Amino acid sequence: MPNRGAARLLVLLLAATVLSIAGPASADEWVPRPVLNVDFPDPAVVAAPGGLVAYATGDLVPHAWSRQPDGPWRRGPGLLTHKPSWSREGGVWAVDVARVRGQWLLYYATPVKGMGEHGRCIGVARSRAARGPFRPVGSAPLVCPSYAGTPTAQDPLLPRDPTLPRAGVIDPSYFRDADGSSYLLYKTDRIPSTVRVVALTRDGQSVQTGATSVELLRAEGVLENPVLTLRPEGYVLLASEGDWTRCGYRTTWRRSTALLDWTAAVGGVFLDTTTTGLCGPGGADLVERKDGELTAYLHGWTCRDTVLPCAGTGKWDHKPGQRGRRALYAAELGWLDGVPQVTRWLRAR
């Protein structure tokens, strides 16, 4: 019998070659299609009673919901009732949502004073329902560098690392370990990039008393959007790397046998334009299916009011002449020797 996996990979490589020279992608049947073709960057997705809820970067956390993984998806307004008193004006970036002890918790990065135009810190909000409304918890950030113009955070990143820029923290991601312990992963912004983790209380709403955040990974380039899952072979971390405005933005994987020590981690590229035909596949989040396996939701650039991926080496940052948008994609995952594999791309109904 022919090797269908090899044949599929060959088609994807040919499609990627066409993308690199011909502008927007051709209608090749193997190029994935978005399940929601609107601007929906940095998706966080949860399984909730009645279906799925997705959250995106934007003012007060816009959302969408669907009864089925592949849609149809319906868009909704922001779910954060208001920004906390320690915040200032500006959009909320790359949230994560988890259900912890009967409460839905939304971890978010919002602008603060004292760190320039884009400096952000992390807070938490809670709700009784996955579709909100979410109300901020506490009078101080959950995570924030001590030099920011805010009340002292529960995790102030002390002592300060002089090798890192004064740019704040973003991309919060909740993780529950096998023993029920709760953790929050996040990124220190700009470069060099680091991914850190701090222990949370069992209810997920506070940093554990006496806990100190630990640096897990460091990269000279951009390393962001961490999301962690536990497999029999170890802890697997997905992250986005590269320039988010370009097709070369990609999703990578790393695996470690220890949660707090990644010095011996193995890893590689999971999703990029060569293997998928997509433009800038990144911002991935994971949702457990009924069969116990995972579905990955991520964004990628589509162009010119079509479902086709953007192409080439240009920047796709919402310029009016380009009309780029980060659409929502979904893929069912499998595993081969502890390495994540796409088994099927979902398409909109």
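Residues numbered from 1 in each chain as written. Predicted model: local features only at pLDDT ≥ 70, side-chain atom pairs only at ≥ 80, totals over all residues. Heavy atoms only, no water.

The cut-off we apply is this: UniProt positions are given in the numbering used here, feature names are shortened, and annotations may be inferred rather than shown by experiment.
With an unreviewed UniProt entry as reference, the protein is termed Family 43 glycosylhydrolase, source organism Nocardioides cavernae. Under the Sequence similarities (unreviewed entry) heading, UniProt states for the protein: "Belongs to the glycosyl hydrolase 43 family."

**Examining the overall build of the protein**
Inclusion rule: Counting from the N terminus, the helices are the DSSP runs of H or I reaching at least four residues and the strands are the DSSP runs of E reaching at least two. With C-alpha atoms as the basis for the radius of gyration, the globule rule is written as 2.2 Å multiplied by the number of residues raised to the power 0.38. For every residue, the accessible area (1.4 Å probe, protein chains only) is compared with the maximum for its type, and the residue is labelled buried under 20%, exposed over 50%, or partly exposed between those bounds. Should any heavy atoms of two residues lie within 4.5 Å, those residues are counted as being in contact. For every accessible area listed, the method is Shrake-Rupley and the probe measures 1.4 Å; residues are considered covered only by the protein chains on display. In this tally Asp and Glu are treated as negative and Lys and Arg as positive; neither His nor the chain ends contributes. To locate a charge, take NZ of a lysine, CZ of an arginine, CG of an aspartate or CD of a glutamate.
Within the protein, the secondary structure is distributed over two helices and 20 strands. The C-alpha atoms of the protein give a radius of gyration of 19 Å, which matches the 20 Å a tight globule of 349 residues would have. Per-residue burial for the protein yields a buried fraction of 56% across its 349 residues. By sequence separation, contacts in the protein at least 24 residues apart represent 51% of the contacts at least 6 residues apart. With an accessible surface of roughly 15200 Å², the protein has 52% of that area assigned to carbon and sulfur atoms. Taken as two groups, the 40 positive and 32 negative side-chain charges of the protein have centres that lie 6 Å from each other.

**With respect to the nonpolar core**
Inclusion rule: Take the buried residues of types Ala, Val, Leu, Ile, Met, Phe, Trp, Tyr and Cys, join any two whose side-chain atoms come within 4.5 Å, and each joined set is a nonpolar core.
Ranked by internal contacts, the top residues of the largest apolar core, which has 25 residues, are Tyr55, Val95, Leu106 and Phe134. Listed by contribution, the elements that provide at least two residues to this core are β1 (44–48), β2 (51–55), β5 (93–100), β6 (103–111) and β7 (120–127).

**Side note on the sheet that holds β7**
What counts, and what does not: For two strands to be treated as a pair, DSSP must find at least two bridges joining them.
Overall, antiparallel pairing links the four strands, which are arranged β5-β6-β7-β8 in an open sheet. The open sheet terminates on both sides in strands that have one partner only, identified here as β5 and β8 (135–136).

**Regarding the pairing of strand β20 (residues 339–345)**
As judged from the six bridges shared by strand β19 (residues 325–336) and β20, these two strands associate in the antiparallel manner. Bridged to Glu332 within β20 is Arg344.

**Some words on the side chain of Thr276**
To be explicit about the condition: Any pair of nitrogen or oxygen atoms within 3.5 Å is treated as a polar contact; in protein, a donor-acceptor pairing is required on top of that, and neighbouring residues in sequence qualify only through side-chain atoms on both sides.
Along the chain, the position of Thr276 falls in helix α2 (residues 273–276). In terms of polar contacts, Thr276 uses its side chain to reach the backbone carbonyl oxygen of Asp272, at 2.7 Å.

**A few points about the packing of aromatic side chains**
Put simply, the rule reads: The rule is short: rings of Phe, Tyr and Trp, with Trp giving its six-membered ring, pair when the centres are within 6.5 Å, and they are stacked under 30 degrees, edge-to-face over 60, tilted in between. In this scheme, the term charge over a ring applies when either NZ of a lysine or CZ of an arginine sits within 6 Å of the ring centre and within 35 degrees of the ring normal.
Applying the stated criterion across every chain yields a total of six aromatic pairs. Aromatic side chains Tyr55 and Phe134 sit 6.4 Å apart centroid to centroid with 80° between the ring planes, which places their arrangement in the edge-to-face category. Linking Tyr55 in strand β2 with Phe134 in the loop between β7 and β8, this pair joins segments that are 79 residues apart in sequence. Summarising the burial analysis for this pair, Tyr55 and Phe134 share the class buried. Look at Tyr107 and Tyr174: their rings are 6.0 Å apart centre to centre, the planes differ by 10°, and that puts the pair in the stacked class. Here the residue Tyr107 occupies a position in strand β6, and Tyr174 occupies one in strand β9 (residues 169–176), the gap between them amounting to 67 residues. Note on Tyr107: relative accessible area 0%, which makes it buried. According to the relative accessible area criterion, Tyr174 is buried, its value standing at 10%. Taking NZ or CZ as reference, Arg120 lies 3.6 Å from the ring centre of Trp93, over its face. The ring of Trp65 has Arg131 lying over it, and the distance from NZ or CZ to the ring centre is 3.6 Å.

**Concerning the pattern of salt bridges**
Should the charged atoms of two oppositely charged side chains come close, the side chains can pair. As a reminder, the rule being used: When a carboxyl oxygen of Asp or Glu is within 4 Å of a side-chain nitrogen of Lys or Arg, the pair counts as a salt bridge.
One pass over the structure, following the stated rule, counts 11 salt bridges. Among the salt bridges present, the one from Arg254 reaches Glu241, with a minimum N-O distance of 3.0 Å. Residue Arg254 is located in strand β15 (residues 250–256), and its partner Glu241 is located in strand β14 (residues 234–241); the two are separated by 13 residues in the primary sequence. Lys315 serves as the salt-bridge partner of Asp243, at 3.6 Å between the closest nitrogen and oxygen. Of the two residues, Asp243 sits in the loop between β14 and β15 while Lys315 sits in the loop between β18 (294–302) and β19, which places them 72 residues apart along the sequence. Taking the relative accessible area as the measure of exposure, Lys315 reaches 30% and is therefore partly exposed.

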